Amino acid sequence: MDDPGPGEVLIRLVSTGVCHTDLSVLAGRLPTPLPAVLGHEGAGVVEAVGDGVTGTIPGDRVVLSFASCGACTRCRTGRPTQCPTYFPLNFGAARPDGTTPIRDSSGAAIGGLFFGQSSLAPYAIVSEQSVVPVEVRDEDELALLAPIGCGIQTGAGAVLNLLRPEPGSRIAIFGAGAVGLSALMAAGQSGAGDIVVVDKVATRLDLARELGATATATEVNALRDFDYVIETTGAPALLEQAPSMVRAGGTVAIIGAPPAGTKIAVDVNAMIDGRTLLGVTEGGSDRITFIPALIGLYRTGRLPVDRLIKFYPPQDLDQAVADARSGVTVKPVIRFEAP
Ligand code: CXF
Ligand code: ZN
């Protein structure tokens, strides 16, 4: 691994969540070139900083999030998920000039800086843009907060930053994974009325009820007249039905990412009464302010992210991945030992 270059930071990881986007990349369904070190929900401690880094210093405890250029109008006005370089910087697994800070034992390049971080490793070279300094009690608390950098901010941000449901809103959430359950917890904060969560896995629906769902279902077919549908599964068949499940003027949030190139059919005339299809990535978050805000909600018991998490040691990564795939664990988090 190289020393941190300009605008880069060396991080010792305390923990890293496993996100379904990692698994989609592993399966070749998203365009990241492999081999690469994946992982994009890291939390850790800054060990060293490269030239020009101003936002963090060694010793800082940080949550890692997505990358963006940091310099364009979208980045400078609090909308970094709309940065024109968002997709290449997050999925390219390389610096903008195509180089990477990681090599294998023979010296061959391995993709790094996936989502600006490649954090499924005890140490990572990370883009300064991905680094969010946070105030935490200790490393055990920091370890719980890693998935806020992607899955939790994605679901909570969709509700709190973008949909902003008015009190009494009826919300349907497709998928009771980390994103869907985070949307549920946030919807509970925003005064929503009915919140219906749909999933196939019974234990997830049990958890959804404990976290505030007013009803759960295993099929979407009977759902109608919602103000918002939040689609987190990436199943095109569910997304295609979603516009018919909102009222006139209602909004469908598209969060789940199907394989690259997937298309759905939309009945155009059925949209004309004011329905919106809204694409959402990373909750539309300005990570530098939104992640500390979510940590504040966690602290006051209003975003109990610990309910979603199970820790695994690094040698059990395969089990963590299997448990994410089957759904028995909502959010596996790899916990790295302090050196
Ligand atoms: C991703 C999901 C696929 C589209 C871009 C953002 N978020 C992270 O998992
Ligand atoms: Zn993710």
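Residues numbered from 1 in each chain as written. Chains lettered and ligands numbered in written order. Predicted model: local features only at pLDDT ≥ 70, side-chain atom pairs only at ≥ 80, totals over all residues. Heavy atoms only, no water.

**Quick notes on the sheet that holds strand E10 (residues 215–217)**
Two modes of strand pairing occur in sheets, parallel and antiparallel, and in both the strands are linked by backbone hydrogen bonds.
Part 1: An order of E10-E9-E8-E11-E12-E13 is seen for the six strands of this open sheet, with the pairing classed as parallel. The sheet is open, and its two borders are formed by E10 and strand E13 (276–279), each paired with just one other strand. Here the strands of the sheet are splayed against their neighbours by 20° on average, with no regard to which way each runs.
Part 2: Bridging between strand E9 (residues 195–198) and E10 involves three bridges; their strand directions are parallel. Paired with Val197 across the two strands is Thr216, which belongs to E10. (Pairing = 2+ DSSP bridges. Helix = DSSP H or I, 4+ residues; strand = E, 2+ residues; numbered from the N terminus. Axes fitted to C-alpha atoms, helices over the stretch in contact; angles between N-to-C directions.)

**Observations regarding the nonpolar core**
Part 1: Leu181, Leu184 and Ile230 are the most contacted members of the largest nonpolar core, which has 54 residues in total.
Part 2: The dominant element in this core, judged by the number of residues it contributes, is helix H6 (residues 178–189), at eight residues.
Part 3: Leu181 has contacts with Ala176, Arg204, Leu207, Ala208, Leu211, Leu308 and Val330, leaving out every residue within four places of it along the chain.
Part 4: Ranked by size, the runner-up nonpolar core spans 18 residues in total, among them Val9, Val18, Val46 and Ala324. (Core = buried A, V, L, I, M, F, W, Y, C linked by side-chain atoms within 4.5 Å. Buried < 20%, exposed > 50% of the residue type's maximum accessible area, 1.4 Å probe, protein only. Contact = heavy atoms within 4.5 Å.)

**Section: unusual backbone geometry**
Part 1: Following Leu34, the chain continues to Pro35 via a peptide bond in cis, the omega torsion being 5°.
Part 2: In this structure, Asp225 takes a positive phi of about 65° despite not being glycine.
Part 3: If you trace the backbone, Asp225 turns up in the loop between E10 and strand E11 (226–231).
Part 4: In this structure, Glu282 takes a positive phi of about 50° despite not being glycine.
Part 5: Topologically, Glu282 is positioned in the loop between E13 and helix H10 (287–299).
Part 6: Residue Glu282 is classed as buried on the basis of its relative accessible area of 4%.

**Points about the packing of aromatic side chains**
Part 1: For the structure on display, the rule yields six aromatic pairs.
Part 2: The interplanar angle of 10° and the centroid separation of 5.9 Å between the aromatic rings of Phe87 and Phe91 together place this pair among those described as stacked. Taken together, the residues span about one helical turn, with Phe87 and Phe91 both in helix H3 (residues 86–91) at a distance of four residues.
Part 3: The exposure class assigned to Phe91 is buried, which follows from its relative accessible area of 12%.
Part 4: Looking at Arg170, its charged tip hangs above the ring of Phe226, at a distance of 4.3 Å from the centre.
Part 5: Over the ring of Phe66 we find Arg287; its NZ or CZ atom is 4.4 Å from the centre of that ring. (Phe/Tyr/Trp six-rings, centres within 6.5 Å; stacked < 30°, edge-to-face > 60°. Lys NZ or Arg CZ within 6 Å of the ring centre and 35° of its normal.)

**As for the coordination of the zinc ion (ligand 2)**
Part 1: Of the protein atoms, only Cys19 (SG), His40 (NE2) and Cys150 (SG) coordinate the zinc ion (ligand 2), at distances of 2.0 to 2.3 Å.
Part 2: Note that the zinc ion (ligand 2) binds four donor atoms; their angles at the metal cover 96 to 133°, and the shape is tetrahedral.
Part 3: All donors to the zinc ion (ligand 2) come from one chain, and their sequence spacing reads C-x20-H-x109-C. Within this pair, whereas Cys19 is found in the loop between strand E1 (8–17) and helix H1 (20–26), its partner His40 is found in the loop between H1 and strand E2 (42–49), the two being separated by 21 residues in sequence.
Part 4: Since its relative accessible area comes to 9%, Cys19 is described here as buried. (Donors = N, O, S within 2.8 Å, 3.2 Å for Na, K, Ca; no water. Tetrahedral: all angles 85-135°; square planar, octahedral: opposite > 155°, others 65-115°.)

**Side note on the packing of helix H5 (residues 151–163) against H10**
Part 1: Between H5 and H10, the least distance of the axes is 11 Å, while the angle of their chain directions is 95°. With respect to H10, the axis of H5 lies roughly perpendicular. Contacts from Gln153, Ala156, Gly157, Leu160 and Asn161 of H5 reach H10 at Arg287, Phe290, Ile291, Leu294 and Leu297.
Part 2: Taken together, the residues that form the contact of H5 with H10 break down as six nonpolar, three polar and one charged. (Parallel < 35°, antiparallel > 145°, perpendicular 65-115°, else oblique. Nonpolar A, V, L, I, M, F, W, Y, C, P; charged D, E, K, R; others polar.)

**A short note on helix H7 (residues 202–210)**
Part 1: Those residues of H7 that fall on the buried side of the exposure criterion are Arg204, Leu205, Leu207 and Ala208. Across the axial projection of H7, the buried residues extend over an arc of 160°, all falling on one side. Away from its buried face by more than 90 degrees, H7 exposes Ala202, Thr203 and Glu210.
Part 2: Contacts made by the buried residues of H7 are with H6, E9, E10 and helix H11 (317–326). (Arc of directions from axis to C-beta.)

**Some points on the packing of H5 against H6**
Part 1: Interhelical geometry of H5 versus H6 gives an angle of 40° and a closest axis separation of 7 Å. Classified by the interaxial angle, the pair formed by H5 and H6 is oblique. Both H5 and H6 take part in a crossing whose hand is right-handed. Two secondary-structure elements touch here, H5 through Gly151, Ile152, Thr154, Gly155, Ala156, Val159 and Leu160 and H6 through Ala178, Val179, Ser182, Ala183, Ala186 and Ala187.
Part 2: For the contact of H5 with H6, a count of residues per class yields nine nonpolar, four polar and no charged. (Left-handed = near helix turned anticlockwise from the far one by under 90°.)

**Focus: the pattern of salt bridges**
Part 1: Applying the stated rule across the entire model yields 16 salt bridges.
Part 2: A salt bridge links Glu8 to Arg95; its shortest N-O distance comes to 2.5 Å. Remark: Arg95 occurs in the loop between H3 and strand E4 (102–103) and Glu8 occurs in strand E1; sequence separation between them is 87 residues. Taken individually, Glu8 and Arg95 each receive the classification buried, so the pair is uniform in this respect.
Part 3: Between Arg335 and Asp140 there is a salt bridge, and its shortest N-O distance comes to 2.4 Å. In this pair, Arg335 sits in strand E15 (residues 331–335) while Asp140 sits in helix H4 (residues 139–145), placing the two residues 195 residues apart along the sequence.
Part 4: Shared partners join several salt bridges into a network, and the residues in it are Asp2, Glu8, Arg95 and Arg103. (Salt bridge = Lys/Arg side-chain N within 4 Å of Asp/Glu carboxyl O.)

Spatial relationships are all this shows, so hold off on functional conclusions.
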